[in-house]
Amino acid sequence: MNTLKIAFRNIRKNRGFAIINIASLALGITCFLLLSAYVYHELTYDRFLSNSDRISMVTSGVKAADDEDYQYWSVTPTALAPEFEKELPEIEKAVRMYNYNDAALVEKGSETIKENGLKYVDSDFLKVLDYKILEGNSNSPLANPSDIVITEKLAKKYFPNTNPIGKTLVVDNSPWRVSAIIEDLPTFTEIKFTALLSNKGLERYKQTQWGSANDLTFLLLKNNIDTKAFQSKVDRFANEKFKEEAKAGFTIKFNIEQIQDIHLHSKAAGSGNMTYIYIFAFLGFALLVISAVNFTNLSLSHATERAKEIAVRKVLGAARKLVFKQFISEGAVMVGLALIIGLVSTWFLLPIFSAYIAVPIKLNIWTNPIFYISMLGFFIILNFLASGWPPWVIS
């Protein structure tokens, strides 16, 4: 305790040096944390789903004889999911999502509100993409043709003071029964919606059609499936199915893309860019290293100025360990303050940074234990490099 008191007293005594050193390090930490939050956000897309390692999205590609490359689409034919599930034993379940429309009119009392996040899905959709069900039927919420599953946000919007389960939501003059409420979707997902409607009443699903592609198709693969071998099998399936099109000079293929890779690697359905990940990760790391080196250099310079103080302490009988402990304590206070300022600054600046780069980032990285282990490691290493080595050598 006495060592800390002396440490704070020495920092106040050299407040100019302390302010510059703490502020520069805090700035570097803040920049690093903001850029890390972006990188972490981009790398965790759709990994919150419990079976994300087994979920794949089927995208399609078409190439004419004179085309250099495929034209890629995120949508597939209506018949694809049931045909895949029937013909390919590697698939546990296959489900589809189809856009309702971009201008659905939902009734709220006497008011009519436009909603654009409604999607038709198969009855087993939530068994493949297992979003967290907060209330209602968790076993088969989309079993009936008039069932609708809504997000928590939509539930609060249309049923603010009552339990929505079993209530009717009127969409374009058609009644839908709310069967379940799911947790609001995180920002790090490529699959966006506000409500899921049962597709059992749609005419387009009563017959298998290969002639048009309008559905998003998702597969839940069985455990330990060799994805490369499975893709080859799918390629053979497509070649057999579209033999006539091949004779006309068109090549049609279906790509099995793991849902975790869609955002950054899919040419058909991804909205991310891996180049930005590399750039932001490099900048964040570089800024942290520069601020740490600057902090270390300033601390080294200041330590040499205090060589006389160290000599006097030793003449008065201070042990080498005591001098080392004193410098380490002062360094710990400064590094600790810089970390605290950096964390608080990141908390306040993240909404501004998020709006500036047009990416809805949240501090999800702060829920990862590795983040705190890394911060602790940074604190210990920087403190010993900047504050431990000089007095140990000089004394």
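Everything discussed here concerns the structure shown above.
Just so it is clear, the model here is predicted, and its values are computed rather than measured.

## Details of the overall build of the protein
Stage number 1. For the protein, the count of helices and strands is twelve helices and 14 strands.
Stage number 2. Within the protein, counting contacts between residues at least 6 apart in sequence, those at least 24 apart form 77% of the total.
Stage number 3. Taken as a whole, the protein presents about 20800 Å² of accessible surface, with 58% of it coming from carbon and sulfur.

## Comments concerning the packing of helix H3 (residues 80-87) against helix H6 (residues 227-241)
Stage number 1. Where H3 meets H6, the closest approach of the two axes is 12 Å, and the angle between their N-to-C directions is 120°. Relative to H6, H3 is oriented oblique. When the axes of H3 and H6 are compared, the crossing they make is right-handed. The segment H3 lies against H6, with Glu83, Phe84 and Glu87 engaging Val234, Phe237 and Lys241.
Stage number 2. Looking at side-chain class alone, the contact of H3 with H6 contains three nonpolar, no polar and three charged residues.

## Observations concerning the side chain of Thr76
Stage number 1. Along the polypeptide, Thr76 turns up in strand S3 (residues 76-77).
Stage number 2. For Thr76, the side chain forms a polar contact with the side chain of Thr217, separated by 2.5 Å.
Stage number 3. Setting aside anything within four residues of it in sequence, one finds Thr76 in contact with Val58, Thr59, Ser60, Ser212, Ala213, Asn214, Asp215, Thr217 and Phe254.

## Focus: the pattern of salt bridges
Stage number 1. Under the criterion given, the structure shown has 13 salt bridges.
Stage number 2. Salt-bridge contacts for Lys233 lead to Glu90; the nearest nitrogen and oxygen are separated by 3.1 Å. Of this pair, Lys233 sits in helix H6 while Glu90 is found in the loop between H3 and strand S4 (91-99), placing the two residues 143 residues apart along the sequence.
Stage number 3. On the basis of relative accessible area, Glu90 is assigned to the buried category, the value being 17%.
Stage number 4. For Glu244, the salt bridge is made with Lys247, and the minimal N-O distance between the two is 3.6 Å. On the criterion of helical spacing, the pair formed by Glu244 and Lys247 is a turn pair, its members being three residues apart in helix H7 (residues 243-247).

## Points about the layout of surface pockets
Stage number 1. Quantified by volume, the largest pocket comes out at close to 350 Å³.
Stage number 2. Together, 16 residues line the largest pocket, and Thr151, Lys153, Leu185, Phe193 and Thr194 are the ones closest to its centre.
Stage number 3. Here the lining of the largest pocket takes three residues from helix H5 (residues 152-158), the largest share from any one element.
Stage number 4. For the lining of the largest pocket, the class distribution of residues is five nonpolar, six polar and five charged.

## Some details on the nonpolar core
Stage number 1. Ranked by size, the top nonpolar core spans 35 residues in total, and within it Leu25, Ile29, Tyr38, Phe353 and Phe378 carry the most contacts.
Stage number 2. Breaking this core down by element, the ones donating at least two residues are helix H2 (15-43), helix H9 (274-305), helix H11 (320-357) and helix H12 (369-394).
Stage number 3. Looking at this core element by element, the count peaks at 13 residues for H2.
Stage number 4. In this view, Phe353 contacts Leu34, Leu35, Tyr38, Phe280 and Ile361; residues no more than four positions away in its chain are not counted.
Stage number 5. Counting residues in hydrophobic clusters, the runner-up holds 23 residues, among them Tyr131, Leu142, Ile182 and Ile191.

## Overview of the packing of aromatic side chains
Stage number 1. Applying the stated criterion to the full structure yields 16 aromatic pairs.
Stage number 2. Ring plane angle 80° and centroid distance 5.2 Å describe the contact between Phe84 and Phe237, whose orientation is recorded as edge-to-face. With Phe84 in helix H3 and Phe237 in helix H6, this pair connects stretches of sequence that are 153 residues apart.
Stage number 3. Its relative accessible area of 13% is what places Phe237 among the buried residues.
Stage number 4. Measuring from ring centre to ring centre gives 6.2 Å for Trp210 and Phe237, while their planes differ by 45°; the resulting arrangement is tilted. Placement of Trp210 in the loop between strand S12 (195-198) and strand S13 (213-221) and of Phe237 in helix H6 is noted, with a sequence separation of 27 residues between them.
Stage number 5. The structure contains a cluster of three or more aromatic residues connected by ring pairs, namely Phe84, Trp210, Phe237, Phe242 and Phe254.
Stage number 6. The positively charged end of Arg204 is found above the aromatic ring belonging to Tyr205, 5.0 Å away from the centroid.
Stage number 7. The ring of Tyr70 carries Lys253 above its face, with NZ or CZ at 5.2 Å from the centroid.

About the criteria used
Residues numbered from 1 in each chain as written. Predicted model: local features only at pLDDT ≥ 70, side-chain atom pairs only at ≥ 80, totals over all residues. Heavy atoms only, no water. Helix = DSSP H or I, 4+ residues; strand = E, 2+ residues; numbered from the N terminus. Contact = heavy atoms within 4.5 Å. Areas by Shrake-Rupley, 256 points an atom, 1.4 Å probe, with all protein chains shown as cover. Axes fitted to C-alpha atoms, helices over the stretch in contact; angles between N-to-C directions. Parallel < 35°, antiparallel > 145°, perpendicular 65-115°, else oblique. Left-handed = near helix turned anticlockwise from the far one by under 90°. Nonpolar A, V, L, I, M, F, W, Y, C, P; charged D, E, K, R; others polar. Polar contact = N/O pair within 3.5 Å; in protein donor to acceptor, adjacent residues only side chain to side chain. Salt bridge = Lys/Arg side-chain N within 4 Å of Asp/Glu carboxyl O. Buried < 20%, exposed > 50% of the residue type's maximum accessible area, 1.4 Å probe, protein only. 1 Å grid on protein atoms, 1.4 Å probe; cavity = no way out; pocket = protein on both sides within 12 Å on 5 of 7 lines; lining within 4 Å. Points joined across faces, edges and corners; volume = space filled by probe spheres on them. Core = buried A, V, L, I, M, F, W, Y, C linked by side-chain atoms within 4.5 Å. Phe/Tyr/Trp six-rings, centres within 6.5 Å; stacked < 30°, edge-to-face > 60°. Lys NZ or Arg CZ within 6 Å of the ring centre and 35° of its normal.

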